[in-house]
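What follows is the residue order along each chain.
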Amino acid sequence: MKLTHLLTSAALALGLTSAAVAQDKTKVGFIYVGPIGDGGWTYEHDKGRLAVEAQFGDAVETVYQESVPEGADAERAITQMALQGADLIFTTSFGFMEATLAVAEKFPNVKFEHATGYKTLPNVSTYSARFYEGRAVQGHIAGKMTKSNIVGYIASYPIPEVIRGINSAYIHAKKVNPDVEFKIIWAYTWFDPAKEADAATALIEQGADVILQHTDSTAPQAAAEKAGNVVTFGQASDMGEYAPFPRVSSIIDNWAPYYIARTQAVIDGTWESTQTWDGIGPGMVGIGEISDAVPADVKAEALALKAAMAEGSYHPFTGPLKKQDGSDWLAEGEVADDGTLLGMNFYVEGLTGEIPN
Amino acid sequence: MLKLEKRPQPSQLWTWATPVLAVLITMVAGGALFAALGQDPVAAISTIFWQPLFGEFAFYYRPQLLIKGAPLVLIAIGLSLGFRAGIWNIGAEGQYIVGALAGAGVALAFYPAESALIFPLMVLAGAVGGWAWGMIPAVLKLRFGTNEILVSLMLVYVAEQLLAAMALGLMKNPEGRGFPGSRNLRQYDSAHNAELITGTGMHWGVVAALIAVIFAYVLLSRHLLGYHIRLAGQAPRAARFAGVRPARLVLFCLGTSGALAGLAGLFEVAGPAGQVSIDFNVGYGFTAIIVAFLGRLHPFGILLAGLLMALTYIGGELAQSNMGLPAAAIQLFQGMLLFFLLAVDLLTNYRIRLATKEVA
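Residues numbered from 1 in each chain as written. Chains lettered and ligands numbered in written order. Predicted model: local features only at pLDDT ≥ 70, side-chain atom pairs only at ≥ 80, totals over all residues.

### Observations regarding the overall build of chain B
Condition: Strands here are runs of E lasting at least two residues and helices are runs of H or I lasting at least four, both read from the DSSP assignment and numbered beginning at the N terminus. In this setup the radius of gyration rests on C-alpha atoms only. A globule is expected at 2.2 Å times the number of residues raised to 0.38. Partly exposed residues are those whose C-beta has more than 12 but fewer than 20 other C-beta atoms within 10 Å; with 20 or more the residue is buried, with 12 or fewer it is exposed, and the C-beta atoms are placed from the backbone. By the convention adopted here, residues are in contact when the distance between their C-beta atoms, placed from the backbone, does not exceed 7 Å.
Counting its secondary structure elements, chain B contains 15 helices and two strands. Computed over the C-alpha atoms, the radius of gyration of chain B is 22 Å, within 12% of the 21 Å expected from 2.2 N^0.38 for a compact globule of 360 residues. Expressed as lengths along the three principal axes of its C-alpha atoms, the size of chain B is roughly 85 × 60 × 35 Å. Classification of the 360 residues of chain B by burial places 50% in the buried group. Relative to all contacts within chain B whose residues are 6 or more apart in sequence, the contacts with residues 24 or more apart total 78%.

### Points about the overall build of chain A
Per the secondary structure count, chain A includes 11 helices and 14 strands. Here the C-alpha atoms of chain A give a radius of gyration of 21 Å, agreeing with the 21 Å that 2.2 N^0.38 yields for 357 residues. Across its three principal axes, chain A shows a C-alpha extent of roughly 65 × 40 × 35 Å. Across the 357 residues of chain A, 52% fall into the buried class. Taking the contacts inside chain A whose residues are at least 6 apart along the sequence as the reference set, 66% of them involve residues at least 24 apart.

### Digging into helix α10 (residues 296-311) of chain A
Residue and element names in this part refer to chain A. Let me state the cut-off plainly: In this analysis, the expected span of each helix is defined as 1.5 Å times one less than the number of residues it contains.
Its 16 residues place the ends of α10 23 Å apart at the C-alpha level, agreeing with the 22 Å of an ideal helix rising 1.5 Å per residue. Those residues of α10 hidden inside the fold are in contact with α5 (131-145) and β12 (285-288). Positive phi shows up at G312, right after α10, with a value of about 85°.

### Some details on helix α2 (residues 41-56) of chain A
Residue and element names in this part refer to chain A. If you check α2, its first and last C-alpha atoms are 23 Å apart, about what 16 residues at 1.5 Å a residue would give, namely 22 Å. Inspection of α2 places W41, T42, E44, H45, D46, G48, R49 and V52 among the buried residues, and these make up the whole buried set. Buried residues along α2 sit against β1 (26-31), β2 (60-65), β9 (231-236), β10 (247-253) and α9 (256-268). One or two residues past the end of α2 sits G57, with phi positive at roughly 55°.

### Notes on the nonpolar core
The criterion, for reference: Buried Ala, Val, Leu, Ile, Met, Phe, Trp, Tyr and Cys residues whose C-beta atoms connect them within 7 Å together make up a nonpolar core. Residue ranges labeled as domains rest on an automatic or database domain assignment.
Ranked by size, the top nonpolar core spans 213 residues in total, and within it B:L74 and B:I75 carry the most contacts. Among the elements that take part in this core, helix α4 (residues 58-84) of chain B stands out by supplying 15 residues, more than any other. Residue-level mapping places this core at the junction of two domains, with at least three residues from each of domain 1 (2-129) and domain 2 (131-251 + 285-309) of chain A.

### Quick notes on the environment of B:Y188
All names here are of chain B. One can find Y188 in the loop between α7 (148-168) and α8 (204-222). For the pair formed by Y188 and E114, sequence separation is 74 residues and the distance between their alpha carbons is 8.3 Å. When near neighbours in sequence (up to four residues on either side) are disregarded, Y188 contacts A107, Y111 and R183.

### Examining unusual backbone geometry
Cis peptide bonds are those with omega within 30 degrees of zero, and the linkage from A:G319 to A:P320 qualifies with 5°. Relative to the helices and strands, A:P320 resides in the loop between α10 and β13 (321-322). B:Y111 connects to B:P112 through a cis peptide bond whose omega is 0°. Relative to the elements of secondary structure, B:P112 occurs in the loop between α5 (92-110) and α6 (118-144).

### Section: the sheet that holds β2(A)
Residues and elements named next belong to chain A. Operational definition: Whether two strands pair comes down to DSSP finding at least two bridges between them. Axis definition: a line fitted to C-alpha atoms, over the contacting stretch in the case of helices. Angles run 0 to 180 degrees between N-to-C directions.
Strand order in the open sheet formed by six strands is β2-β1-β3-β4-β5-β11, with parallel pairing between adjacent strands. Since the sheet does not close on itself, it has two edges, and those belong to β2 and β11 (275-278), each with one partner. Geometrically, the sheet is characterised by an average inter-axis angle of 15° between neighbouring strands, direction not taken into account. Examined bridge by bridge, strand β3 (residues 88-91) and strand β4 (residues 111-115) share four bridges and lie parallel to one another. Pairing of T91 across the sheet is with H114, part of β4. Strands in contact with α2 are β1 and β2; relative to β2, the strand with the most contacts, it is inclined by about 165°.

### Here we look at the packing of α5(B) against helix α12 (residues 284-294) of chain B
Residue and element names in this part refer to chain B. To be explicit about the condition: Note that the term roughly parallel is reserved for angles under 35 degrees, roughly antiparallel for angles over 145, roughly perpendicular for angles of 65 to 115, and oblique for everything else. Handedness of a crossing is defined here by the sense of rotation of the near helix relative to the far one, left-handed for an anticlockwise turn of less than a right angle and right-handed for a clockwise turn. Classification convention: Asp, Glu, Lys, Arg as charged; Ala, Val, Leu, Ile, Met, Phe, Trp, Tyr, Cys, Pro as nonpolar; all other residues, Gly among them, as polar.
For the pair α5 and α12, the least separation of the axes is 6 Å and the interaxial angle reads 135°. Judged by the angle between their axes, α5 and α12 are oblique. Of the two possible hands of crossing, α5 and α12 adopt the one that is right-handed. For the pair α5 and α12, contact is made by A92, E93 and Y96 and by Y284, G285, F286 and A288, respectively. Here the residues of the contact of α5 with α12 are counted per class, giving five nonpolar, one polar and one charged.

Structure representation (structure tokens):
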């Protein structure tokens, strides 16, 4: 068993060194889960890739592969990039975790960066953004903007990342509007315009006049535009083509600074395995322009909230907070620790329905 | 002017020549597509067809061909039996999922015990799981006269929901910090469907696919049941006179193709994929339909077609990451293959003649 592994890695490492000698440019690879044209998640990662190219010019060559299925195919795609001499590979979806680790074991000299995962190796880092900070701003605006007091939420998969977003948005909507109610639809996809449009329409029919989405396409924006007076927020990307209404603001993933910094570290030989989780402060999470459809005072409050999170004086998960079942979670003034947030598998008090299991 | 004339008998020559012709036309049309995208067409085509086999890193890609091709062949062999008899199982993807779930379920139930019996039990569970999922459309068809195409297809979506529920619930890794997905079976020696010989890509799924090819060949050419299958597809009325019992054929074909698809799922989840995750299925069950027809529903044809399909996948990925071709262009290229195959199929049943002007 062990011997088998050793032999395989030896064979692969051999192939790698011969490829690495042939080129002196730093080669950076990107594995995308969706098409670049999704207008959301993958689109923003690709913007990060282009920023790396713009920053380093001829010193760096980037390669990418889009729409890579999670699972066995991902392992081949990543191996292929390592074989072709990539020095640094970003795998940009949670589902690539096991594949990234499997390939990283075979290529100890290649650096890997896995987005939104939690397993590391000496040559595997993880990185993610504190999107829940952006969700707090959204929740605040949503709570103020809703007239029906029903906020629809298109959730993707019931994983901590998504549950955190729901909780954060709900807490801040509830703060400014005690009557607010969240209706959540689980779409079980990150990107499927048809399914997302269906979910949006269903939520609107149930009376929602604000729609938050944790899926990547602009289909919910289009559905809201058609319905008329429904407010939306851009997800992952600005989705500015739907501004000023229905899209009144957005959460923008900004990977460029991180990608540039990590590429620089590889060039300098200072790269180390790290676990990065950055928010609004360092600029990994951006809040898109709040449009004029939002009243000026609400906009000012939202921006103040954003500024407080950026400077670190306010944490979106600050007590007193209870869990959905009524048990105590955070005492007055207590702030949630990262460990709990990273594994969050419960709703806060007031949310209805169950997390699918 | 050209004129089509129906052949009295399907042409033997063209039956075998059309797949080759389709591949060639696909290369030409695909080359034109790549050229329109601003790439060197010859380089693109050679990246797809040549690099994985004889390129610098062929030592890695050749085994990958087997890994990618084995589930396609295994499923397509099962499907071809039914297709020959006019029994249309479109839901192999669902049977593949259920087989994987059943097999992985056995492994996870025994974790962390180590025993040489676990893997054979998983194989059995995988086959039974797929078989059972295939029996649903079979029984519904016999009992209520439902259409097996619709039922088996709809059951794919049921299976996908079941998969998501398992990845998020019952089979979720208790040490996975609340993230979806089961334990990694590759790190569980008794359950791991490992390479039998290092560096060859040869795992039990590949062995099973080869055995299935041989069995299917013997069945179809030497066995009475195989004769009945062929007869039922070609002349249903005559088949009835010859003593073929359609109900038995339906049960056999849907059951066998389900079991083989279930096996493919089990070998995948215990080997290359490693874990039950929400996105475990990547469409092998649907691609296998193409493979079955590309291989002319003949066992050896399917073997070649499966490998060819695997080659376009792996070469296509190479072309994406090396040449920056968009994923959609590669999918289009694969779609062309089926399109041209169906188009030139015309030549099997029709003859093209130059129409002479008729004199009044």
